[in-house]
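Coordinate inspection notes
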Amino acid sequence: MTQSTAGRVGATDRSDALAQAFRRLSEAEPENQAGTDDVSSLYPLYEGVAAALSESVEALRALDTVPSGKRHPAVVLAALHYLALAGRAPVLAAAYAAGDGDAAARAAIDTVREKTDELAAVAVRHRLRPDETGRCPVLYPAIAEVARRAGADAVGLIDVNCSAGLNLNVDRVALTYDNDGRTLGDPSSPVRMAASVVGERPVPARAVPEVVARVGLDRDPLDVTDADDARWLRACLRPGQRERAARLEREMALAATAPPLLLRGDAVTALPDAVAPVPDGALPVALTTWALSRHSREKRQRFLHRLQEAAAHRPVAWVSVEGVGVAPTVPTFGDRPASGHSVIGVALFDGPHRRVEAVGRCWSRGRLLSWLAER
């Protein structure tokens, strides 16, 4: 086999693999689609475009020139959505707005072929962001609980792997729990979220104390006041998710009124820098929501040790919402890993002492929760 023939075979193999990846994305159930947090109904625009790209030889050939780490179908689809939102793919944007799946499929193929370099530039510049909205109903009672245990009158929130740090406004959101219609947070907030509660225990009615610092830590944080960052957040939602897109707009607008301090760094090495801005007298509360599973078991342990080190001179708290067995030392109620739900944990570090407890379970990224902590 000549070198040129080998090159063609390699390119064909890559195109075949990419076609299969797009096909899997178009056929998979939402909760199994890589890079998404969607567990609701299917979105025909998204799946239709993925299926069309899987069948277009020209589009696959063009995508073969995109750097290998940025060819993931979910990244490509987000980059296409970004170009549409930016006015750089007007035909695709019009098809998305009209909900016309056939037109969107044709326009996506044309955009990939004609704007390959622009698409690649967007994909290289950004990384896929999960939908971080809707987590506050789970975080709020856990933050209030750990503050109660510490006797704290004020807290500083530290969102680890924060993306845009929207969770840092947890106290500024109106939260409703359908077990008794109870509302927590700010009832006048333009951002409203709800969760269903199962089990005999209601979510506690205690309030989160005054939040005196909001710090987001991420290796590549997004600033909602930056037009490009905000557009990428929108692009990571699937076209046609009108309700979720409207909620994201409200959350970004709320965050823009009091932008958090965003720190660029690693969850382990930069954690002390994230704790430092929290004023003396306030309890630093680190938040991890489905963030630690991205890291090795060894790195999760190092994160735990960092929290303990940060508590050498002041109490430090940790609220975790992670899959079963992911958060180090957080009890699992005897549940098995990969069991389809997450465990809500609270931990308080004070010098060499550490108290860790699981206070509940949640499903569907916080849309359903069971509060289990003793009063």
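Use the structure listed above.
Residues numbered from 1 in each chain as written. Predicted model: local features only at pLDDT ≥ 70, side-chain atom pairs only at ≥ 80, totals over all residues. Heavy atoms only, no water.

With respect to the overall build of the protein
Looking only at helices and strands, one finds 12 helices and 11 strands in the protein. Taking 21 Å as the expected radius of gyration for a compact globule of 375 residues, we find that the protein reaches 22 Å, a close match to that expectation. For the protein, the residues scored as buried account for 54% of the 375 residues in total. For the protein, restricting intrachain contacts to residue pairs at least 6 apart in sequence, the fraction spanning at least 24 positions comes to 72%. (Helix = DSSP H or I, 4+ residues; strand = E, 2+ residues; numbered from the N terminus. Rg over C-alpha atoms; globule rule 2.2 N^0.38 Å. Buried < 20%, exposed > 50% of the residue type's maximum accessible area, 1.4 Å probe, protein only. Contact = heavy atoms within 4.5 Å.)

What about the sheet that holds strand β3 (residues 182–185)?
Strand order in this open sheet of 11 strands is β3-β2-β4-β11-β10-β9-β8-β7-β1-β5-β6, and the pairing throughout is mixed. Looking at which strands have only one partner, the edges of the open sheet turn out to be β3 and β6 (261–264). Across the sheet, the axes of successive neighbouring strands diverge by a mean angle of 25 degrees, strand direction being ignored. The pairing of strand β1 (residues 154–160) with strand β5 (residues 210–218) spans seven bridges and is parallel. Residue pairing across strands places Gly156 opposite Ala213, the latter belonging to β5. Packing against the sheet, helix α8 (residues 136–150) makes contact with β1, β2 (174–177), β3, β4 (192–197), β7 (283–289), β8 (316–323), β9 (342–350), β10 (353–363) and β11 (368–371), and its axis sits at approximately 25 degrees to β9. Helix α12 (residues 297–310) contacts β1, β7, β8, β9 and β10 of the sheet and is inclined by roughly 165 degrees relative to β8. (Pairing = 2+ DSSP bridges. Axes fitted to C-alpha atoms, helices over the stretch in contact; angles between N-to-C directions.)

Structural notes on unusual backbone geometry
Backbone geometry at Ser163 places phi at a positive 60 degrees, although glycine is not the residue there. Checked against the element boundaries, Ser163 lands in the loop between β1 and β2. You will see that Arg365, though not glycine, has its phi angle at about 55 degrees, which is positive. Structurally, Arg365 can be placed in the loop between β10 and β11.

Notes on the packing of helix α5 (residues 90–98) against helix α6 (residues 101–114)
Two numbers describe how α5 lies on α6: the axes approach to 8 Å, and their chain directions differ by 160 degrees. By the angle between their axes, α5 is roughly antiparallel relative to α6. Two packed elements cross with a definite hand, and for α5 against α6 that hand is left-handed. Along the contact surface, α5 presents Val91, Leu92, Ala95 and Tyr96, while α6 presents Ala103, Ala104, Ala107, Ala108 and Thr111. When grouped by side-chain class, the residues that make up the contact of α5 with α6 number eight nonpolar, one polar and no charged. (Parallel < 35°, antiparallel > 145°, perpendicular 65-115°, else oblique. Left-handed = near helix turned anticlockwise from the far one by under 90°. Nonpolar A, V, L, I, M, F, W, Y, C, P; charged D, E, K, R; others polar.)

Some thoughts on the environment of Gly199
If you trace the backbone, Gly199 turns up in the loop between β4 and β5. Residue classification places Gly199 among the exposed positions, given a relative accessible area of 62%. Measuring from C-alpha to C-alpha, the distance between Gly199 and Leu369 comes to 8.7 Å, with 170 residues separating the pair along the chain.

Side note on helix α2 (residues 44–55)
Its 12 residues give α2 an end-to-end C-alpha distance of 16 Å, which sits within 8% of 16 Å, the value for a rise of 1.5 Å per residue. Within the span of α2, buried status applies to Leu45, Tyr46, Glu47, Val49, Ala50, Ala52, Leu53 and Ser54. (Expected span 1.5 Å × (residues − 1).)

Some words on the pairing of β4
With burial as the criterion, only one face of β4 is covered, namely that bearing Met193, Ala195 and Val197; the residues Arg192, Ala194 and Ser196 on the opposite face remain uncovered. Here β2 pairs with β4 via four bridges, running parallel. Across the sheet, residue Ala174 finds its bridge partner in β4, namely Arg192. Note: β4 against β11, two bridges, orientation parallel. Its bridge partner lying in β11, Val197 is registered against Leu369.

Some thoughts on the pattern of salt bridges
Overall, the coordinates contain 21 salt bridges when judged by the stated rule. Here Arg113 ties to Asp110 by a salt bridge, and the two come within 2.8 Å at their closest N and O atoms. Of the two residues, Arg113 and Asp110 are both situated in helix α6; the distance of three residues between them amounts to about one turn of the helix. Its relative accessible area of 32% is what places Asp110 among the partly exposed residues. Ionic pairing is found between Glu249 and Arg234, a salt bridge with its closest N-O pair at 2.4 Å. Taken together, the residues span a long stretch of sequence, with Glu249 in helix α10 (residues 242–257) and Arg234 in helix α9 (residues 227–235) at a distance of 15 residues. Bridged by salt links that share partners, the residues Glu145, Arg148, Arg149, Arg206, Arg355 and Glu357 form one connected network. (Salt bridge = Lys/Arg side-chain N within 4 Å of Asp/Glu carboxyl O.)

Some words on the nonpolar core
Core analysis: the largest hydrophobic core is formed by 54 residues, its most contacted members being Phe22, Leu53, Leu77, Leu80 and Leu92. Among the elements that line this core, the one with the most residues is helix α4 (residues 73–85), at 10 residues. Discounting residues that sit within four places of it in the chain, Leu92 has contacts with Leu80, Ala84, Ala104, Ala107, Ala108 and Thr111. If you look at the next biggest cluster of nonpolar residues, it comprises 41 residues, including Val191, Val211, Val319 and Val346. (Core = buried A, V, L, I, M, F, W, Y, C linked by side-chain atoms within 4.5 Å.)

Some thoughts on the packing of aromatic side chains
Tallying each qualifying case throughout the model produces two aromatic pairs. Between the aromatic rings of Tyr82 and Trp232, the centroid separation amounts to 6.2 Å while the plane-to-plane angle is 55 degrees, which identifies the pairing as tilted. Here Trp232 lies in helix α9 and Tyr82 lies in helix α4, a separation of 150 residues in the sequence. Relative accessible area serves as the criterion here: at 2%, Tyr82 is assigned to the buried category. On the basis of an interplanar angle of 75 degrees and a centroid distance of 5.7 Å, the ring pair of Phe303 and Trp318 is categorised as edge-to-face. You can see Phe303 sitting in helix α12 and its partner Trp318 sitting in strand β8, a full 15 residues away along the chain. A relative accessible area of 0% means that Trp318 is categorised as buried. (Phe/Tyr/Trp six-rings, centres within 6.5 Å; stacked < 30°, edge-to-face > 60°.)

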